Amino acid sequence: MSVKNNVPTPHIEAGPGEIAGTILLPGDPLRAKFIAGEYLSDVHQFNSVRNMLGFTGTYEGKRISVMGTGMGCPSIGIYSYELIHFYGVKNLIRVGTAGSISPEVKVRDLVFGMGACTTSNFPALMDLPGVFAPVCSFDLLRRGVDKAEQLGLRYAVGNILTSDMFYGPAEGPEATQKWASMGVLAIEMEAAALYTNAAFGGANALTVLTVSDHLLTGETTSSEERRSSFTDMMKVALSLA
Ligand code: HPA
């Protein structure tokens, strides 16, 4: 994949070389700012266009970037495309939250999205002569799982659903049950577009999620629980720098 040097882009104001080869991608730009402030040293902000904050710093001596993506496939589709094609980013790791639809996957557990089913039309827009299966990078997955094992964390690896609808019938009990019956573990809103763009651009992608709520039991997490499972997820994601 050749990198076009027409930067800045319409959505990212960084110059050439300002973004590291590995980037963490939370949905919320303020989460990106928090990650940079809490975990990285020598931090430099490279983006504020649309308040989609992006930072580059170092973690345990390795250069790494972090940037918000916004919510949904179109938003992460734009940012991941520009990061891959215009900034030469090679490893894109989404860090986010998901709703579990599996009895085995509890709130606070980590979920590695090995494959991403979707209700979004995003992968279909690649205009392939069949149905594309968005999958993560095996290398990033293996390294992430090794780290989770090493830290003794509860985690699951499998298929997730990238939904285009947070409220409405596509998130209702009937639809959720159908996905669960196919072994899908949890629902989020971005992985399928990220994996599709990574495949198209010859980059590596992974989605690591913490389960913030359980769609079968109605269980949710307190802010303290969310904070500690977020910290666990960050230890895994940052180890991929
Ligand atoms: N649906 C979609 N995305 C989510 C959810 C959900 O229930 N929970 C956290 N992110």
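Residues numbered from 1 in each chain as written. Predicted model: local features only at pLDDT ≥ 70, side-chain atom pairs only at ≥ 80, totals over all residues. Heavy atoms only, no water.

Comments concerning the site of the ligand
Now for step 1: Neighbouring residues of the ligand: T97, A98, G99, F166, E171, I187, E188, M189, S212, D213 and L215.
Now for step 2: Burial of the ligand by the surrounding chains reaches 90%, relative to a free accessible area of 260 Å².
Now for step 3: Mapping the ligand onto the cavity grids shows that it belongs to the largest pocket.
Now for step 4: In terms of residues, the shell around the ligand owes the most to one element, strand β5 (residues 91-100), which gives three residues.
Now for step 5: Among the residues forming the shell around the ligand, the class breakdown is five nonpolar, three polar and three charged. (Near = heavy atom within 4 Å. Areas by Shrake-Rupley, 256 points an atom, 1.4 Å probe, with all protein chains shown as cover. 1 Å grid on protein atoms, 1.4 Å probe; cavity = no way out; pocket = protein on both sides within 12 Å on 5 of 7 lines; lining within 4 Å. Sits in = over half its atoms within 2 Å of the grid points. Helix = DSSP H or I, 4+ residues; strand = E, 2+ residues; numbered from the N terminus. Nonpolar A, V, L, I, M, F, W, Y, C, P; charged D, E, K, R; others polar.)

Details of the pairing of strand β6 (residues 110-118)
Now for step 1: Alignment of β6 against strand β7 (residues 155-162), held across eight bridges, turns out to be parallel. Residue pairing across strands places F112 opposite V157, the latter belonging to β7.
Now for step 2: Two strands pair when backbone bridges link them, and β6 and strand β9 (residues 204-214) are joined in this way by three bridges, in the antiparallel orientation. Pairing of L110 across the sheet is with T210, part of β9. (Pairing = 2+ DSSP bridges.)

A word on the packing of helix α1 (residues 29-39) against helix α6 (residues 223-238)
Now for step 1: Where α1 contacts α6, the axes come no closer than 12 Å and their chain directions differ by 70°. As summarised for this structure, α1 and α6 are arranged roughly perpendicular, according to the angle between their axes. Across from R31, F34, I35 and Y39 in α1, the residues of α6 making contact are F230, T231, M234 and L238.
Now for step 2: Its residues placed into classes, the contact of α1 with α6 shows six nonpolar, one polar and one charged. (Axes fitted to C-alpha atoms, helices over the stretch in contact; angles between N-to-C directions. Parallel < 35°, antiparallel > 145°, perpendicular 65-115°, else oblique. Contact = heavy atoms within 4.5 Å.)

Considerations on the layout of surface pockets
By rolling a water-sized probe across the atoms, one finds the places where empty space is left.
Now for step 1: Approximately 540 Å³ is the volume attributed to the largest pocket.
Now for step 2: Along the wall of the largest pocket there are 21 residues; nearest its centre are M71, R94, T97, A98 and F166.
Now for step 3: If you list the elements that add at least two residues to the lining of the largest pocket, you get β5, β8 (186-188) and β9.
Now for step 4: Per-element tally for the lining of the largest pocket: the top contributor is β5, with six residues.
Now for step 5: Per-class residue counts for the lining of the largest pocket are eight nonpolar, six polar and seven charged.
Now for step 6: Considering only enclosed or pocket space, the second largest pocket measures out at about 230 Å³ in volume.
Now for step 7: In this structure, the second largest pocket is lined by 18 residues; those nearest its centre are T118, P123, V131, F132 and P134.
Now for step 8: No other element matches β6, which puts four residues into the lining of the second largest pocket. (Points joined across faces, edges and corners; volume = space filled by probe spheres on them.)

Some thoughts on the environment of P29
Now for step 1: With respect to the secondary-structure elements, P29 resides in helix α1.
Now for step 2: Sequence spacing of P29 and A186 is 157 residues, and the spatial spacing of their C-alpha atoms is 23 Å.
Now for step 3: Every residue in contact with P29, bar those within four places of it in the chain, is listed here: N51, M52, L53 and G68.

Examining the packing of aromatic side chains
Centre distance and the angle of the planes are the two values used to describe a pair of aromatic rings.
Now for step 1: In the structure shown here, the tally under the stated rule is four aromatic pairs.
Now for step 2: Both rings, one in Y81 and one in F86, keep their centres 6.1 Å apart while their planes meet at 75°; by these two values the pair is edge-to-face.
Now for step 3: By relative accessible area, F86 is classed as buried at 14%.
Now for step 4: Ring centres 4.8 Å apart and planes at 80° place the aromatic pair F166 and Y167 in the edge-to-face group.
Now for step 5: Geometry around F230 places R31 over its ring, the cationic atom sitting 4.1 Å from the centre. (Phe/Tyr/Trp six-rings, centres within 6.5 Å; stacked < 30°, edge-to-face > 60°. Buried < 20%, exposed > 50% of the residue type's maximum accessible area, 1.4 Å probe, protein only. Lys NZ or Arg CZ within 6 Å of the ring centre and 35° of its normal.)

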